[in-house]
Amino acid sequence: MRVAIITLYPSDPERIPGGIRAVSYNLVEGLRRYPDLDLQVIHCHSDIAEDRLVRAGSVTLHYLAMPRQRLLPNLMTSVWRVRRLLRTLAPDVVHAHVGQYAWAAVTAGYPTVYTIHGVLAREREVYSATLYDRLRYGLLAHYESRALPRVDRLVAISPHVREAYAHVRNARWVHIDNPVPQAFFDLPRRPEPGRLLFAGSITEIKDLLTLLRAVERVREAWPVVCLRIAGRSTSAAYEQQVRAYVAEHGLQDNVAFLGLVDRTQLLDEYARCAALVLSSLQENAPMAVIEAMAAGAPVVSTRAGGVPDLVRDGETGLLAP
């Protein structure tokens, strides 16, 4: 069976930026064990410098480059490019992980499964400050709303997804949790007092400024507290605000910016953290929480989206409003 997986996929499996890329990589690694599957993975994004094809056993990776320019033409052009490639590949089924690619698949005429990773309506509330963001999320919502009634199956990664998309009529839902590698379960814990880990992107929806205010309060009672931020920035303006807060409030000794770390260092961070902390405004089934729980690390998080479906307050972690 030929399966086309259209998603956000890491260029370097050792350094995976973002939850969808982590989920997609883990999924492909699991599916490659089935010898009767011909997996065609398509990643079309502006983070690709040039088109390239990578074959590894039963998995073929199609990296489609998009220019770093105006987003609106890129979004529309990416749909056309993906649709054209699908018609060349002629898959038996398509598994889309982004709304615009679900639309590309159904309009190409193939049976389509769509895994919903983000609640666009909630994300549009957060990313609404600029005309760029409003246009971007408006177009994303346009593609997704047209795809939803036409896909063959919708995959919910948390009960929160089904609640958020309860308005979709006649939807045929399947619940499939996000996958996590065995390495996280096998990790020997070596927690260090006061060592907190944030694993994720530096962007508005993660609300790191709230997390910094919490660290500032904790420092009054526990001066050795250290927040380690592991992840790339996807919002230069927000990163500037975060770094400015650290400087203005004298938190340089209590906050470490690690950038995008490789898999070995990420496992080490989970092993040594006293807790995984998350202050997001919106989440579905965050990989950081799933990885931390697999590693046996407690979680302190906001009650954002689907987090309460993962963490039992007072039992496997602590949840805040």
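Let us look at the structure shown here. (Residues numbered from 1 in each chain as written. Predicted model: local features only at pLDDT ≥ 70, side-chain atom pairs only at ≥ 80, totals over all residues. Heavy atoms only, no water.)

Here we look at the state of the cysteines
A covalent bond between the sulfur atoms of two cysteines is what we call a disulfide.
So, point 1. Using the criterion set out here, one finds 0 disulfides in the structure.
So, point 2. No disulfide involves C226; its sulfur sits 12 Å from that of C273, the nearest cysteine. (Disulfide = S-S within 2.5 Å.)

Examining the environment of L86
So, point 1. Turning to its location among the elements, L86 is positioned in helix 2 (residues 71–89).
So, point 2. In the structure, L86 is positioned 46 residues away from Q40 in sequence and 9.5 Å away in space, judged by C-alpha atoms. (Helix = DSSP H or I, 4+ residues; strand = E, 2+ residues; numbered from the N terminus.)

Notes on the sheet that holds strand 5 (residues 93–96)
So, point 1. The mixed open sheet is built from 8 strands, whose spatial order is 3-4-2-1-5-6-7-8. Each of the sheet's edge strands pairs with one partner strand only, and the pair in question is strand 3 (52–56) and strand 8 (173–175). The mean inter-strand angle of the sheet, taken between neighbouring strand axes irrespective of direction, is 20°.
So, point 2. Relative to strand 4 (residues 59–65), strand 3 runs antiparallel, the two sharing 5 bridges. Looking at strand 4, one finds that L53 is bridged to H62.
So, point 3. Against the sheet, helix 3 (residues 99–108) contacts strand 1 (2–6), strand 2 (38–45), strand 5 and strand 6 (112–116), and its axis sits at roughly 175° relative to strand 6. (Pairing = 2+ DSSP bridges. Axes fitted to C-alpha atoms, helices over the stretch in contact; angles between N-to-C directions. Contact = heavy atoms within 4.5 Å.)

Here's the deal with the sheet that holds strand 11 (residues 255–259)
Either a parallel or an antiparallel arrangement is found when strands of a sheet pair, and the pairing is made through backbone hydrogen bonds.
So, point 1. The sheet built from 6 strands is open, its strands ordered 11-10-9-12-13-14 with parallel pairing. Because the sheet does not close on itself, it has two edges, and the strands there are strand 11 and strand 14 (317–320). Each adjacent strand pair in this sheet contributes to an overall mean axis angle of 20°, direction not counted.
So, point 2. Here strand 9 (residues 195–199) runs beside strand 12 (residues 275–278); their pairing, made up of 2 bridges, is parallel. Paired with L197 across the bridge in strand 12 is L276.
So, point 3. In the packing of helix 10 (residues 263–272) onto the sheet, contacts are made with strand 9, strand 10 (226–230), strand 11 and strand 12, and the angle to strand 9 comes to roughly 140°.
So, point 4. Packed on one face of the sheet, helix 11 (residues 287–294) meets strand 9, strand 12 and strand 13 (299–302) and runs near 165° to strand 12.

Description of the side chain of H43
So, point 1. On the secondary structure map, H43 appears in strand 2.
So, point 2. In this structure the side chain of H43 is engaged in a polar contact, spanning 3.4 Å, whose partner is the backbone oxygen of T7.
So, point 3. Of the polar contacts made by the side chain of H43, one reaches the side chain of D47; its length is 3.1 Å.
So, point 4. Each residue touching H43, except ones within four places of it in the same chain, is listed here: T7, L8, Y9, R21, I48, H62, Y63 and L64. (Polar contact = N/O pair within 3.5 Å; in protein donor to acceptor, adjacent residues only side chain to side chain.)

Things to note about the nonpolar core
Among soluble globular proteins, nonpolar side chains are generally buried collectively.
So, point 1. Core analysis: the largest hydrophobic core is formed by 64 residues, its most contacted members being I6, I42, V82, L86, I116, L154 and Y165.
So, point 2. Per element, the largest residue contribution to this core is 7 residues, and it comes from helix 3.
So, point 3. Look past the residues within four positions of L86 in its chain and what remains in contact with it is A4, I6, I42, P91, V94, A104, A105, A108 and Y110.
So, point 4. If you look at the next biggest cluster of nonpolar residues, it comprises 42 residues, including F198, L209, L211 and L276. (Core = buried A, V, L, I, M, F, W, Y, C linked by side-chain atoms within 4.5 Å. Buried < 20%, exposed > 50% of the residue type's maximum accessible area, 1.4 Å probe, protein only.)

Remarks on the packing of helix 8 (residues 208–221) against helix 9 (residues 236–248)
So, point 1. Across the interface, helix 8 lies against helix 9 with an axial gap of 10 Å and an inter-helix angle of 10°. Put simply, helix 8 runs roughly parallel to helix 9. Within the contact between the two elements, helix 8 uses L208, L209, L212, R213 and E216 and helix 9 uses Y238, Q241, V242, Y245 and V246.
So, point 2. Across the contact of helix 8 with helix 9, the residue classes break down as 7 nonpolar, 1 polar and 2 charged. (Parallel < 35°, antiparallel > 145°, perpendicular 65-115°, else oblique. Nonpolar A, V, L, I, M, F, W, Y, C, P; charged D, E, K, R; others polar.)

Thoughts on the environment of D207
So, point 1. If you trace the backbone, D207 turns up in the loop between strand 9 and helix 8.
So, point 2. Separated by 31 residues in the primary sequence, D207 and Y238 have C-alpha atoms spaced 9.3 Å apart.
So, point 3. Ignoring any residue separated from it by four or fewer positions in sequence, one finds D207 in contact with Y238, S279 and L281.

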